[in-house]
Amino acid sequence: MDSALSDPHNGSAETGSPANGTTRPPSTPEGIALAYGSLLLMALLPIFFGALRSVRCARGKNASDMPETITSRDAARFPIIASCTLLGLYLFFKIFSQEYINLLLSMYFFVLGILALSHTISPFMNKFFPANFPNRQYQLLFTQGSGENKEEIINYEFDTKDLVCLGLSSIVGVWYLLRKHWIANNLFGLAFSLNGVELLHLNNVSTGCILLGGLFIYDVFWVFGTNVMVTVAKSFEAPIKLVFPQDLLEKGLEADNFAMLGLGDIVIPGIFIALLLRFDISLKKNTHTYFYTSFAAYIFGLGLTICIMHVFKHAQPALLYLVPACIGFPVLVALAKGEVTEMFSYESSAEILPHTPRLTHFPTVSGSPASLADSMQQKLAGPRRRRPQNPSAIYEESSPKDPTAVTESKEATEASASKGLEKKEK
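Every value quoted in this text rests on a predicted model; they were computed, and no experiment measured them.

Looking at this model, I keep getting lost on the overall build of the chain. Mind explaining?
Counting its regular elements, the chain contains 16 helices and eight strands. In the chain, the proportion of contacts linking residues at least 24 apart, taken out of those at least 6 apart, comes to 77%. Surface accessibility of the chain: about 24,000 Å² in total, with carbon and sulfur atoms responsible for 62%.

Explain the pattern of salt bridges here, please?
In total, this model carries six salt bridges according to the counting rule given. With a closest N to O distance of 3.3 Å, Glu198 and Arg53 form a salt bridge. Note that Glu198 is positioned in helix H5 (residues 182-199) and Arg53 in helix H1 (residues 29-59), a separation of 145 residues in sequence. Take Arg53: its relative accessible area is 7%, and that puts it in the buried class. Linking Arg179 and Glu254 is a salt bridge whose minimum nitrogen-to-oxygen distance equals 4.0 Å. Here Glu254 lies in the loop between helix H8 (248-251) and strand E7 (258-262) and Arg179 lies in helix H4 (residues 160-179), a separation of 75 residues in the sequence.

What exactly am I supposed to notice about the pairing of strand E3 (residues 137-144) here?
Consecutive side chains along a regular strand alternate between the two faces of the sheet. Sheet topology note: the E3/strand E4 (residues 151-159) ladder contains eight bridges and is antiparallel. Pairing of Tyr138 across the sheet is with Phe158, part of E4. In sequence, E3 turns back onto E4 through a hairpin of six residues, with Gly145 there showing a positive phi of about 85°.

Looking at this model, I keep getting lost on a nonpolar patch on the surface. Mind explaining?
There is a patch of nonpolar side chains on the surface, built from Leu87, Leu91, Phe92, Ile95 and Phe96 and spanning about 500 Å² of accessible area. Within the element layout of this structure, Phe96 appears in the loop between helix H2 (72-95) and helix H3 (98-125). On the accessibility criterion, Phe96 (47% relative accessible area) is partly exposed.

Which parts of the structure should I look at to understand the environment of Lys150?
Mapping Lys150 onto the fold places it in the loop between E3 and E4. Here Lys150 falls in the partly exposed class, since its relative accessible area comes to 49%. Those residues in contact with Lys150 that sit more than four places away from it in its chain are Thr143, Gln144 and Gly145.

In this structure, what is going on with unusual backbone geometry? I would like to understand it.
Backbone phi values are negative for most residues with the exception of glycine, while trans is the configuration of most peptide bonds. Non-glycine residue Lys180 carries a positive phi angle of around 55°. Looking at the secondary structure, you find Lys180 in the loop between H4 and H5. Owing to a relative accessible area of 32%, Lys180 belongs among the partly exposed residues under this scheme. Phi at Lys284 takes a positive value of approximately 55°, unusual for a residue other than glycine. Take Lys284: it is sitting in the loop between helix H9 (264-283) and helix H10 (289-312). By relative accessible area, which is 72% here, Lys284 ends up exposed.

Can you walk me through H5 in this structure?
For the α-helix, the turn length of 3.6 residues means that residues three or four positions removed from each other point alike. With 18 residues, H5 extends 25 Å between its outermost C-alpha atoms, agreeing within 8% with the 26 Å of an ideal straight helix rising 1.5 Å per residue. Most of H5 is tucked away: 15 of the 18 residues are buried.

Quick question: what am I supposed to make of the packing of H1 against H5 here?
Helix-helix packing is described using two parameters, namely the angle between the two axes and the distance between the axes. Close contact between H1 and H5 brings their axes to 7 Å; oriented N to C, the two are set at 35°. Considering the relative orientation of H1 and H5, their crossing is right-handed. Listed contacts from H5 to Met42, Pro46, Ile47, Phe49, Gly50, Ala51, Arg53, Ser54 and Cys57 of H1 are Asn186, Leu190, Ser193, Leu194, Val197, Glu198 and Leu199.

Whenever I open this one, the nonpolar core confuses me. Can you help?
Nonpolar side chains in soluble globular proteins generally cluster together in the buried interior. Counting residues in hydrophobic clusters, the biggest one holds 84 residues, and the most contacted among them are Leu39, Leu211, Val232, Phe236, Ile266 and Tyr298. The leading source of residues in this core is H9, at eleven residues. Sequence-distant contacts of Leu211, defined by excluding residues within four places in its chain, comprise Ala75, Phe78, Leu202, Ile268 and Ile271.

Is there a simple way to think about the packing of H9 against H10 in this case?
Remark: H9 packs on H10, axes separated minimally by 7 Å, with the N-to-C direction vectors making an angle of 160°. Comparing the axis directions of H9 and H10 gives the class roughly antiparallel. The residues of H10 that touch H9, namely those facing Asp265, Ile266, Pro269, Ile273, Leu276, Leu277, Phe279, Asp280 and Leu283, are Thr289, Tyr290, Phe291, Ser294, Phe295 and Tyr298. Its residues placed into classes, the contact of H9 with H10 shows eleven nonpolar, two polar and two charged.

Got a minute to help me understand the side chain of Asp159 in this structure?
Position of Asp159 among the secondary structure elements: in strand E4. Notably, Asp159 is buried but unbridged: the nearest opposite-charge side chain belongs to Lys161, and the N-O separation is 6.2 Å. From its side chain, Asp159 meets the backbone nitrogen of Lys161 in a polar contact 3.2 Å long. A distance of 2.9 Å separates a polar side-chain atom of Asp159 from the backbone nitrogen of Asp162. In this structure, Asp159 is in contact with Asn135, Arg136, Gln137 and Tyr138, ignoring residues within four places of it in sequence.

Would you explain the side chain of His181 in this entry?
Secondary-structure assignment places His181 in the loop between H4 and H5. At a separation of 3.3 Å, a polar atom in the side chain of His181 contacts the main-chain carbonyl oxygen of Leu253. Setting aside residues no more than four positions away along its own chain, His181 makes contact with Trp175, Tyr176 and Leu253.

Sorry, what's going on with the UniProt feature "transmembrane region" (unreviewed entry) in the chain here?
Mapped onto this numbering, the UniProt entry annotates "transmembrane region" (unreviewed entry) at residues 33-55, 75-93, 100-121, 199-224, 258-277, 289-312 and 318-336. As annotated, residues 33-55 has a helix share of 100% and a strand share of 0%, and its two end C-alpha atoms lie 34 Å apart. For the annotated span residues 289-312, helix accounts for 100% and strand for 0% of the residues, and the straight-line distance between the end C-alpha atoms is 35 Å.

Criteria and thresholds
- Residues numbered from 1 in each chain as written.
- Predicted model: local features only at pLDDT ≥ 70, side-chain atom pairs only at ≥ 80, totals over all residues.
- Heavy atoms only, no water.
- Helix = DSSP H or I, 4+ residues; strand = E, 2+ residues; numbered from the N terminus.
- Contact = heavy atoms within 4.5 Å.
- Areas by Shrake-Rupley, 256 points an atom, 1.4 Å probe, with all protein chains shown as cover.
- Salt bridge = Lys/Arg side-chain N within 4 Å of Asp/Glu carboxyl O.
- Buried < 20%, exposed > 50% of the residue type's maximum accessible area, 1.4 Å probe, protein only.
- Pairing = 2+ DSSP bridges.
- Patch = residues over 30% accessible without salt bridge, like charges linked within 9 Å, V, L, I, M, F, W, Y side chains within 5 Å.
- Expected span 1.5 Å × (residues − 1).
- Axes fitted to C-alpha atoms, helices over the stretch in contact; angles between N-to-C directions.
- Left-handed = near helix turned anticlockwise from the far one by under 90°.
- Core = buried A, V, L, I, M, F, W, Y, C linked by side-chain atoms within 4.5 Å.
- Parallel < 35°, antiparallel > 145°, perpendicular 65-115°, else oblique.
- Nonpolar A, V, L, I, M, F, W, Y, C, P; charged D, E, K, R; others polar.
- Lys, Arg positive; Asp, Glu negative; His and termini not counted.
- Polar contact = N/O pair within 3.5 Å; in protein donor to acceptor, adjacent residues only side chain to side chain.
- UniProt positions renumbered as here; feature names shortened; annotations may be inferred.

Below, the structure written as structure tokens:
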């Protein structure tokens, strides 16, 4: 997954409307409560487990699971890229046939969804395989160029267990492709969210504030200022949002009156919450104060979003409430504990990734990436010795700077040599 998400951030939680323009009977209070409660629960699951897996991901040495780090420059550009993508999709839906666009997007997310779901369920499925299961290792490697100019395009390591998970995920993919059922949509959406929180890492808290602040403005503008985001959310038939029917109690699994929550409202705050978990671990105090504080802040912000949306009957930009809560609550805790400086000076890559030094070029080496990283770390940890660049430097450092001292030392050497010759003659 790229550091800039390829799908547009759908920043509204809103009630779906019928495609044919007919009015539906109002949902029951029980159905509305069930729908909103389910959306809240589904949003919390990928954040919680994705944050935990982000710690293991950062500490791991598998090249196929290395996280993508978001820098402050990426964070500043992200709202602009997301706005261009959102507006482009809106124009596409206005100009071209919605049916063909969604068919193309369905095939694209069919492949991505299978891969994301397979990666999500793989750790859980490993517990069900017997000990004598014939597990073989595989590596998918694509390179470009040759010799010193060889560059890796794809380097993915997997095993037989991963192939079994891929087969199970393909069943869900075919179900989604043929039926577009809301359960299959949610399975893919949860997988995308969890993978995003796990594999997208903010390098520090300042970058997180830049990203959330920029998307705060983005979300408010595109939801309140125009109808672009709501139109794309309703027209875009892809698993970029979590949905839950409000008429589930009346129609069962065939219900079609949906409340929806965009994946961006899960992933964007989620990667910030995961960063605070890694910050908690770096403090080495055996407490997860900032993680639990930000997690509770997310629950408060999303709950407030749902309440306001239900009262005013209008789509709400969730980040309008999530950003102040997710940033403000942890900062207040840091102020109370006197750890504001530690929080904003924390670097995620420096604390969690000591085995991956930054390289400005790619040397030609032999061996596995893990052995290379270990050897480089040992060299970096060893004592450094300064070596002079040329012999003249040795003479300059050892010889005195006073010319008269040089002359005196030469005369003393010649005198001692002549005395030695006289003793030999005697």
